[in-house]
Amino acid sequence: MRPLALASWFALLALAILWEGWLAPARHTPLFWLAVKGVPLLAMLPGLLRDRPKAYLGSCLLALLYFTEGVVLAWTLRAEPLSASGTLLLAWIEIVAAVAFIVSAALRARSLLG
């Protein structure tokens, strides 16, 4: 489960950087939102790379925020057609990556604490 957990974590990180940097940045303060979304992901990365169970558990809690953001955006944009930036698609990608991480990281932490 570790490869899936790391891959989905890197997917969340890449999505945060691409989303706030180029694909659909915030209008007034894109760098602020990039920092708000990217720094927590980077902060948990050393513990995940060292395969620490507490890092997996803490990251699961953090990933719930990204899941929530994706659900809120998907819900609010559901009636709109896909725009040129594809914000609805990005929201669904964020949901899938967050769920994949939460499930795989929880299973990995359980196997490490075993």
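As a reminder, the structure under discussion sits directly above these lines.
All figures in this text were calculated on a predicted structure; none of them were measured in a lab.

Cut-offs and rules
- Residues numbered from 1 in each chain as written.
- Predicted model: local features only at pLDDT ≥ 70, side-chain atom pairs only at ≥ 80, totals over all residues.
- Heavy atoms only, no water.
- Axes fitted to C-alpha atoms, helices over the stretch in contact; angles between N-to-C directions.
- Helix = DSSP H or I, 4+ residues; strand = E, 2+ residues; numbered from the N terminus.
- Parallel < 35°, antiparallel > 145°, perpendicular 65-115°, else oblique.
- Left-handed = near helix turned anticlockwise from the far one by under 90°.
- Salt bridge = Lys/Arg side-chain N within 4 Å of Asp/Glu carboxyl O.
- Buried < 20%, exposed > 50% of the residue type's maximum accessible area, 1.4 Å probe, protein only.

Asks: Looking at this model, I keep getting lost on the packing of helix α3 (residues 53-76) against helix α4 (residues 87-113). Mind explaining?
Replies: Packed helices, taken two at a time, are described by their axes: the angle between them and the distance between them. Orientation of α3 relative to α4, taken along the N-to-C sense of each, is 160 degrees, at an axis distance of 8 Å. As judged from the angle between their axes, α3 and α4 are roughly antiparallel. Like other packed secondary-structure pairs, α3 and α4 cross with a definite hand, here left-handed.

Asks: Which parts of the structure should I look at to understand the pattern of salt bridges?
Replies: Note on pairing: side chains with opposite charge can pair once their charged atoms come close. Within this structure, the stated rule accounts for 4 salt bridges. A salt bridge links D51 to R2, with the shortest nitrogen-to-oxygen separation between them at 3.4 Å. Taken together, the positions of D51 in the loop between α2 (30-49) and α3 and R2 in helix α1 (residues 2-23) put the pair 49 residues apart, joining distant regions of the chain. If you follow the salt bridges from partner to partner, you end up with R2, D51 and R108 in one network.

Asks: Help me understand unusual backbone geometry in this model?
Replies: You will see that D51, though not glycine, has its phi angle at about 65 degrees, which is positive. You can call D51 buried: its relative accessible area is 18%.

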